[in-house]
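So the chains spell out like this:
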Amino acid sequence: LDGFKLFSGVAPLCSMAGIKILLQSNTGWASDWTAAFNWIAANNESYGIAVANASVGLDYGATNTALHTAANSVVASGTVLVISAGNDYPTYKVPDPGLAEKAITVGAINDFGAMTDYSSNGPTGSVKPDVVAPGGSHSWDTNVGSEIMSVDTNVNDAAATGFADRLDRLGQLELSPDDLR
């Protein structure tokens, strides 16, 4: 609808596998995440798992020693682990597993090269997030479009109808992928 083609796919010659951690309701238990990370650590050589990504974290900036340790064990076993910083700033800080020292925790920057006003920061004294990447909208509470070229799910990721990646440049509601089929 905005004149740009949708991006999709995996890098050539790469394979992907998914490990389901959350329930359909997007809820779950830290013990399930811990078990998933422990499985990756135990099976990374058998399945050739070089990189693992988890866009998940505990609620409200919470910490969990077992989950934290399991995330570090993924990296210690030879797999690069990338975790999202979360979208709860300034109310909450980066939660576990994003606080794991060996994991690469990624925050979001805006069109102006600054941290977005929603990307979580680590607690005082923390070096998290480790890296930032283009995150899209420059403000949580505005319909101003983003100049950042990035993939988009075309759904209301932020659970807020005014979230900028949900609207085209004219402020029109975008169609979902289901509408295009």
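On a predicted model such as this, the values are computed, not experimentally measured, just so you know.

### With respect to unusual backbone geometry
Right, on to step 1. The amide bond that connects Tyr89 to the next residue, Pro90, takes the cis arrangement and shows omega of 5°.
Right, on to step 2. A cis amide bond links Lys128 to the next residue, Pro129, at an omega of 0°.
Right, on to step 3. The topology assignment puts Pro129 in the loop between strand 3 (104-109) and strand 4 (131-134).
Right, on to step 4. For Tyr60, which is not glycine, the phi dihedral falls at a positive 60°.

### Details of the side chain of Thr79
Right, on to step 1. Counting through the fold element by element, Thr79 comes out in the loop between helix 2 (65-76) and strand 2 (80-84).
Right, on to step 2. Looking at Thr79, its side chain comes within polar contact range of the main-chain oxygen of Ile49, at 2.9 Å.
Right, on to step 3. Residue contacts for Thr79: discarding those within four places in its chain leaves Ile40, Asn44, Ile49, Ala50, Val51, Ala52 and Val74.

### What to know about the pairing of strand 1 (residues 51-54)
In regular strands, side chains alternate between the two faces of the sheet.
Right, on to step 1. Side chains Ala52 and Ala54 of strand 1 all project onto a buried face; the interleaved residues Val51 and Asn53 project onto a face where none is buried.
Right, on to step 2. As paired elements, strand 1 and strand 2 share 4 bridges and run parallel to each other. In the strand pairing of strand 2, Ala54 is matched with Ile83.
Right, on to step 3. The β-α-β motif built from strand 1, the intervening helix 2 and the parallel element strand 2 has right-handed crossover chirality.

### Regarding the nonpolar core
Right, on to step 1. Within the largest apolar cluster, 17 residues are counted, with the highest numbers of intra-cluster contacts made by Phe37, Ile40, Leu81 and Ile83.
Right, on to step 2. Counting residues per element, the ones that place at least two in this core are helix 1 (30-47), strand 1, helix 2 and strand 2.
Right, on to step 3. Residues contacting Ile83, with those up to four places away along its chain left out, are Phe37, Ala54, Val56, Pro97, Gly98, Ala103, Ile104, Thr105 and Val106.

### Digging into helix 1
Right, on to step 1. Relative to the 26 Å expected for 18 residues at 1.5 Å per residue, helix 1 spans 24 Å between its end C-alpha atoms, a close match to the ideal helical length.
Right, on to step 2. Its axis deflected by about 40° at Ala41, helix 1 carries its strongest bend there.
Right, on to step 3. Taken as a whole, helix 1 has its buried residues at Ala30, Trp33, Thr34, Ala36, Phe37, Ile40, Ala41, Asn43 and Asn44.
Right, on to step 4. In the core, the buried residues of helix 1 are packed alongside strand 1, helix 2 and strand 2.

### Describing the packing of helix 1 against helix 2
The description of two helices packed together rests on the angle between their axes and the distance between the axes.
Right, on to step 1. Packing of helix 1 against helix 2 brings their axes to within 8 Å, and their N-to-C directions diverge by 20°. Between helix 1 and helix 2, the angle falls in the class roughly parallel. Taken as a pair, helix 1 and helix 2 cross one another with a handedness that is left-handed. Touching Ala30, Trp33, Thr34, Phe37, Asn38, Ile40 and Ala41 of helix 1 are Ala66, Leu67, Ala70, Ala71, Ser73 and Val74, all from helix 2.
Right, on to step 2. A breakdown of the residues in the contact of helix 1 with helix 2 according to their chemical character gives 10 nonpolar, 3 polar and no charged.

What counts as what
Residues numbered from 1 in each chain as written. Predicted model: local features only at pLDDT ≥ 70, side-chain atom pairs only at ≥ 80, totals over all residues. Heavy atoms only, no water. Helix = DSSP H or I, 4+ residues; strand = E, 2+ residues; numbered from the N terminus. Polar contact = N/O pair within 3.5 Å; in protein donor to acceptor, adjacent residues only side chain to side chain. Contact = heavy atoms within 4.5 Å. Buried < 20%, exposed > 50% of the residue type's maximum accessible area, 1.4 Å probe, protein only. Pairing = 2+ DSSP bridges. Right-handed = clockwise from strand over helix to strand, strands pointing away. Core = buried A, V, L, I, M, F, W, Y, C linked by side-chain atoms within 4.5 Å. Expected span 1.5 Å × (residues − 1). Bend = angle between axes of the 7 residues up to and from the residue. Axes fitted to C-alpha atoms, helices over the stretch in contact; angles between N-to-C directions. Parallel < 35°, antiparallel > 145°, perpendicular 65-115°, else oblique. Left-handed = near helix turned anticlockwise from the far one by under 90°. Nonpolar A, V, L, I, M, F, W, Y, C, P; charged D, E, K, R; others polar.

Functional significance is not addressed by these values, which are geometric in nature.
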